[in-house]
2 protein chains.
Amino acid sequence: MSAPLLSVSRRIRQTPFSNRVTASGVKAYTVYNHMLLPSMFESVEADYRHLKTDVQVWDVACERQVEVRGPDAARLLQMLTPRDLGNMTEGQCYYTPMVDETGGMLNDPLTIKLADDRYWISIADSDLLYWIKGLVYGLGLVVDVDEPDVSPLAVQGPKADDLVARVFGETVRDIRFFRYAVLPFEGVDLLVARSGYSKQGGFEIYVDGSELGEPLWDALFQAGEDLNVRAGGPNVIERIESGLLSYGNDMTRENTPHECGLGKFCQTQTAIGCVGRDALLRVAVEGPVRQMRSLSIDGDRVPPCTEIWPVFAGGKRVGRITSAAWSPDFETNVAIGMMRVTHWDDGTRVEVETPEGMRQATVKEGSFI
Amino acid sequence: MSAPLLSVSRRIRQTPFSNRVTASGVKAYTVYNHMLLPSMFESVEADYRHLKTDVQVWDVACERQVEVRGPDAARLLQMLTPRDLGNMTEGQCYYTPMVDETGGMLNDPLTIKLADDRYWISIADSDLLYWIKGLVYGLGLVVDVDEPDVSPLAVQGPKADDLVARVFGETVRDIRFFRYAVLPFEGVDLLVARSGYSKQGGFEIYVDGSELGEPLWDALFQAGEDLNVRAGGPNVIERIESGLLSYGNDMTRENTPHECGLGKFCQTQTAIGCVGRDALLRVAVEGPVRQMRSLSIDGDRVPPCTEIWPVFAGGKRVGRITSAAWSPDFETNVAIGMMRVTHWDDGTRVEVETPEGMRQATVKEGSFI
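J.: Got a sec to walk through the overall build of chain A? Specific residues and values, please.
T.: In terms of regular secondary structure, chain A is built from eight helices and 22 strands. The C-alpha radius of gyration of chain A comes to 21 Å, within 12% of the 21 Å expected for a compact globule of 369 residues. Of all 369 residues assigned to chain A, the portion counted as buried reaches 63%. Long-range pairs, those at least 24 residues apart, make up 66% of the contacts in chain A with a sequence separation of at least 6. Entry remark: accessible area of chain A is about 13700 Å², with carbon and sulfur atoms responsible for 47%. Of the side-chain charges in chain A, 37 are positive and 52 negative, and the distance between the mean point of each set is 4 Å.

J.: Break down the relation of the copies chain A and chain B for me, with residues and values.
T.: Once chain A has been moved 0.0 Å along the axis and rotated by 180 degrees, it coincides with chain B to within an RMSD of 0.0 Å. The relationship between the two copies is best expressed as a two-fold rotation axis. Comparing interface residues between copies, 100% of those in chain A also lie at the interface in chain B; the contact surface is shared.

J.: An account of helix α5 (residues 160-168) of chain B is requested, with residue identities and associated values reported.
T.: All names here are of chain B. Of all nine residues in α5, seven are buried; the element is thus mostly enclosed. Taken together, the buried positions of α5 are occupied by Ala160, Asp161, Leu163, Val164, Ala165, Val167 and Phe168. Against the buried residues of α5 lie β12 (150-156), β13 (180-185), β14 (188-193), β15 (202-208) and α6 (213-223). With its phi angle positive at about 100 degrees, Gly169 sits one or two positions after the end of α5.

J.: Talk me through the sheet that holds strand β22 (residues 357-364) of chain B; I want residue IDs and the actual numbers.
T.: All names here are of chain B. Taken in spatial order, the six strands close into a barrel running β17-β20-β19-β18-β21-β22, and their pairing is antiparallel. For this sheet, the mean inter-axis angle between neighbouring strands, taken without regard to orientation, is 40 degrees. Pairing of strand β19 (residues 316-327) with strand β20 (residues 332-340), which is carried by eight bridges, proceeds in the antiparallel orientation. Bridging from a neighbouring strand, Ser327 pairs with Thr332 of β20.

J.: Please give an account of the sheet that holds strand β12 (residues 150-156) of chain A that cites residues and values.
T.: Backbone hydrogen bonds are what pair the strands of a sheet, in a parallel or an antiparallel way. All names here are of chain A. Pairing is mixed in the open sheet, where six strands are placed in the order β13-β14-β15-β12-β4-β16. If you trace the sheet from one side to the other, it starts and ends with β13 (180-185) and β16 (230-232), each paired once. Mean inter-strand twist for the sheet, computed between neighbouring axes without regard to direction, equals 30 degrees. The sheet contact formed by strand β4 (residues 56-59) and β12 spans four bridges and is antiparallel. When the bridges of β12 are listed, Trp58 appears paired with Ala154. This element, helix α2 (residues 44-53), spans β4, β12 and β16 of the sheet and lies at about 120 degrees to β4.

J.: Outline the interface of chain A and chain B, listing residues and values.
T.: Opposite the 55 residues of chain A that make contact, chain B presents 55 residues. Of the roughly 5300 Å² buried between chain A and chain B on both sides combined, carbon and sulfur atoms contribute 57%. The largest contributions to the chain A side of the interface with chain B come from Arg10, Arg11 and Tyr130 of chain A, which together make up 18% of the buried area. Taken together, chain A and chain B are joined by eight salt bridges. The salt bridge partner of Lys133 of chain A is Glu101 of chain B, with a shortest N-O separation of 3.4 Å. Summed over the shared surface of chain A and chain B, the result is 39 residue pairs in polar contact (both at pLDDT 80 or more). No other element matches helix α4 (residues 128-139) of chain A, which puts ten residues into the side of chain A that touches chain B.

J.: Which residues make up the pattern of salt bridges, and what are the values?
T.: Scanning all chains against the criterion turns up 48 salt bridges over all chains. Salt-bridge contacts for Lys133 of chain B lead to Asp100 of chain A; the nearest nitrogen and oxygen are separated by 3.0 Å. One end of the pair, Lys133 of chain B, is in helix α4 (residues 128-139); the other, Asp100 of chain A, is in the loop between β7 (98-99) and β8 (105-107), on a second chain. What emerges from the salt-bridge pattern is a single network uniting Arg49, Lys52, Glu241 and Asp329 of chain A.

J.: Any details on the packing of aromatic side chains? Residues and values, ideally.
T.: In this description, a pair of aromatic rings is defined by centroid distance and the angle of the planes. Taken as a whole and assessed by the stated rule, the structure comprises 14 aromatic pairs over all chains. Feature note: the residues Phe17, Trp217 and Phe221 of chain A constitute an aromatic cluster, connected by ring pairs. Lys364 of chain A extends its terminal NZ or CZ atom over the ring of Phe368 of chain A, reaching a point 5.2 Å from the ring centre. Between Arg83 of chain B and the ring centre of Tyr94 of chain B, over which it is positioned, the NZ or CZ distance is 3.9 Å.

J.: Which residues make up the nonpolar core, and what are the values?
T.: Counting 191 residues, the largest nonpolar core has Phe168 of chain A together with Phe168 of chain B as its most contacted members. Ignoring anything within four residues of it in the chain, the contact list for Phe168 of chain A reads Leu183, Pro184, Phe185, Leu190, Val192, Ile205 and Leu216 of chain A.

J.: Kindly report on unusual backbone geometry, identifying the contributing residues and their values.
T.: Here Asn33 of chain A, not a glycine, exhibits a phi torsion of approximately 50 degrees, which is positive. You can see Asn33 of chain A is positioned in the loop between β2 (28-32) and β3 (35-40). By relative accessible area, which is 2% here, Asn33 of chain A ends up buried. Even without a glycine there, the phi angle at His34 of chain B is positive, about 60 degrees. Its place among the elements puts His34 of chain B in the loop between β2 (28-32) and β3 (35-40).

J.: Summarise the environment of Asp300 of chain B; cite the residues concerned and give the values.
T.: As for its placement among the helices and strands, Asp300 of chain B is situated in the loop between β17 (290-297) and β18 (309-313). Counting along the chain gives 26 residues from Asp300 of chain B to Trp326 of chain B, while the straight-line C-alpha distance between them is 8.1 Å.

J.: Could you give me a rundown of the packing of helix α3 (residues 73-80) of chain B against α4 of chain B, with the residues and numbers involved?
T.: Residues and elements named next belong to chain B. Contact geometry of α3 with α4 gives a least axis separation of 11 Å together with a crossing angle of 120 degrees. For the element pair α3 / α4, the angle class is oblique. Two packed elements cross with a definite hand, and for α3 against α4 that hand is right-handed. Of the residues in α4, those touching α3 at Leu76, Met79 and Leu80 are Trp131, Ile132, Leu135, Val136 and Leu139. The residue makeup of the contact of α3 with α4, split by class, is eight nonpolar, no polar and no charged.

J.: How would you sum up the pairing of β13 of chain B? Please name residues and give values.
T.: Each regular strand displays side chains that alternate between the two surfaces of the sheet. Residues and elements named next belong to chain B. Examined bridge by bridge, β13 and β14 share six bridges and lie antiparallel to one another. Along β14, the bridge assignment pairs Phe185 with Val188. Between β13 and β14, which pair antiparallel one after the other, the connecting turn spans two residues, and Glu186 there sits at a positive phi close to 50 degrees.

J.: Describe the side chain of Thr30 of chain A, and please don't skip the residues or the numbers.
T.: If you trace the backbone, Thr30 of chain A turns up in strand β2. A polar atom in the side chain of Thr30 of chain A sits 2.9 Å from the side chain of Arg11 of chain B. If sequence neighbours within four positions are ignored, Thr30 of chain A has contacts with Met35, Leu36, Leu37 and Ser39 of chain A together with Leu6, Ser7, Arg11 and Ile12 of chain B.

J.: Give me the confidence of the model for chain A: which residues, what numbers.
T.: Mean pLDDT over chain A: 97, with 99% of residues reaching 70 or higher. Across the interface, the model reports ipTM at 0.97; the global pTM reads 0.97.

About the cut-offs
- Residues numbered from 1 in each chain as written.
- Chains lettered and ligands numbered in written order.
- Predicted model: local features only at pLDDT ≥ 70, side-chain atom pairs only at ≥ 80, totals over all residues.
- Heavy atoms only, no water.
- Helix = DSSP H or I, 4+ residues; strand = E, 2+ residues; numbered from the N terminus.
- Rg over C-alpha atoms; globule rule 2.2 N^0.38 Å.
- Buried < 20%, exposed > 50% of the residue type's maximum accessible area, 1.4 Å probe, protein only.
- Contact = heavy atoms within 4.5 Å.
- Areas by Shrake-Rupley, 256 points an atom, 1.4 Å probe, with all protein chains shown as cover.
- Lys, Arg positive; Asp, Glu negative; His and termini not counted.
- Charge placed at Lys NZ, Arg CZ, Asp CG, Glu CD.
- Least-squares fit on C-alpha atoms with pLDDT ≥ 70 in both.
- Pairing = 2+ DSSP bridges.
- Axes fitted to C-alpha atoms, helices over the stretch in contact; angles between N-to-C directions.
- Buried area = accessible area lost by both parts, 1.4 Å probe.
- Salt bridge = Lys/Arg side-chain N within 4 Å of Asp/Glu carboxyl O.
- Polar contact = N/O pair within 3.5 Å; in protein donor to acceptor, adjacent residues only side chain to side chain.
- Phe/Tyr/Trp six-rings, centres within 6.5 Å; stacked < 30°, edge-to-face > 60°.
- Lys NZ or Arg CZ within 6 Å of the ring centre and 35° of its normal.
- Core = buried A, V, L, I, M, F, W, Y, C linked by side-chain atoms within 4.5 Å.
- Parallel < 35°, antiparallel > 145°, perpendicular 65-115°, else oblique.
- Left-handed = near helix turned anticlockwise from the far one by under 90°.
- Nonpolar A, V, L, I, M, F, W, Y, C, P; charged D, E, K, R; others polar.
- pLDDT = per-residue confidence, 0-100.

Next comes the structure, spelled out in structure tokens:
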């Protein structure tokens, strides 16, 4: 299917950056957490080339925060994830698979520790707030849970350090990966984290108060003119090359973190209190029977992957593809999918049933970049 | 803002009817419960005229079901809503405001009683499943909660009875408003309810199994050729004229059902067990200080309402508009918004701050149709 029009309404929320995004010539959006997420400016391939060369500013306000605050905050956070949060300190961001009582993925947010009794959970596309509110009510936990007026703005690309240093000072260069610093902008302390949904490097700035959105956008564009800064957004080609998963695309409530290749973020044995711990203990020891892999699909450019593409070997179903795009850099179709244990080794040849017919493909153990 | 393109991906789910919707020439979608919802075929005004004249088939698969089944099902359902479900019988559908512990709206679904221990909750645009799963886990309730493979297909318009009778038999004419019958299609029992998101009359057919989607679509179009049946979708003009609220547009978690004018669906005193009961008892007795109203906005066609438009009287803020569209039939801009008690009486003149400047407007106590 080619791209149709998106009908606008208040239900699909605008962001503090929407006016600037429009002025930057956005051509396409997706919808994420009931909010507009810009997905294309010049073209998907031109945006990709620019992201890998220069620096982009991304309106990722749709990465909404769930703020958890109160005496039971740490206990609640550990209930949500099989990642052991025991050693997490203020200033850290953890990628945290979040699961239900069956071990099924509900979201894969970044958890940010603000204080011993205060966290932001920077969510992927599902109303994790509802799950948390239900747990808190049902268990009578002493915490306040809400969505604050905080909107992340990402700066991504090889020149991101230079650009962010010009606005927030040279100290940003010292921020380590998945750590944050608290730095002032126009007199307001903002959390600046070295993170983001690409492998081109960069930061996510948590804009605390919508009124700061346009001033910060403008400051970045004024400071970055000679760096060729442009508006961008998460790029489907680059994120598949990078092996970055997308909740709702590559995994759903059907999948365990282990299937998703996120076992390294789970310490199920010691994550005592996690509601999915009982369900995950066995798979944590024995390993899953299918797991996420990168693949390259032979032949010409494949169409957008809008539903599961089955994967076969010797006529038997052995997996599925859930994300795919033509990669100009690797000169092949890059893809992400789930492969059975029998067919997940590096180099395994398989067949993918695309909407345009069967294609040969090769399983790849690591990501392309 | 004019309509941009929508980027497609698996995360924005297709429906069992998507192939037919595409073949019918869909021009625009919105996204609802992580799923495509067709919003325009010919044009919003041509679709509106046709809906009021003939009969349309709507892909409303995005009205996903939360199925609740087990010994605690009835108790759980009453926890979710201030509507008293004590007298609800099998065969009934109830419009049910669902609230959190503060009385804030989480969703406004149709609840369908399938049996004493089994319900479908046909949801508006929020992951109500997550709230329910959280409650169930936290309280240790004995129920199974899941999203089944059930996709509603709506048949709406003045000729809907004729069309549905041709496919399901004359008995459909006897189905009362917000009741359902169980009727076979190709050997499978389907729930056919007299309901739908318009005031033009019609049914919602709960397609139980994706494989039935295209056969049912085709059967309706074959049977309805001489009725001028067409593909359609919820129409923004008709729904505002009808005073039908949209969760996310007209109300959010900030609002109580009483503010939303849904007090008639709340029996807070007797809805014992509702988690929001304590918070709502006072407002249920005293009434809210602001409430949903229809309004007509003077002058030329207003742009799409994509964010709150403040409403003023004598220079003071007295309300807000959250939905608006030009109505060809009423030859004015019809709107829905929340007005303070001081300015909600029928005929009150106010001023609306639209993106194109201030406009005079008139409050209307009932809906336009």
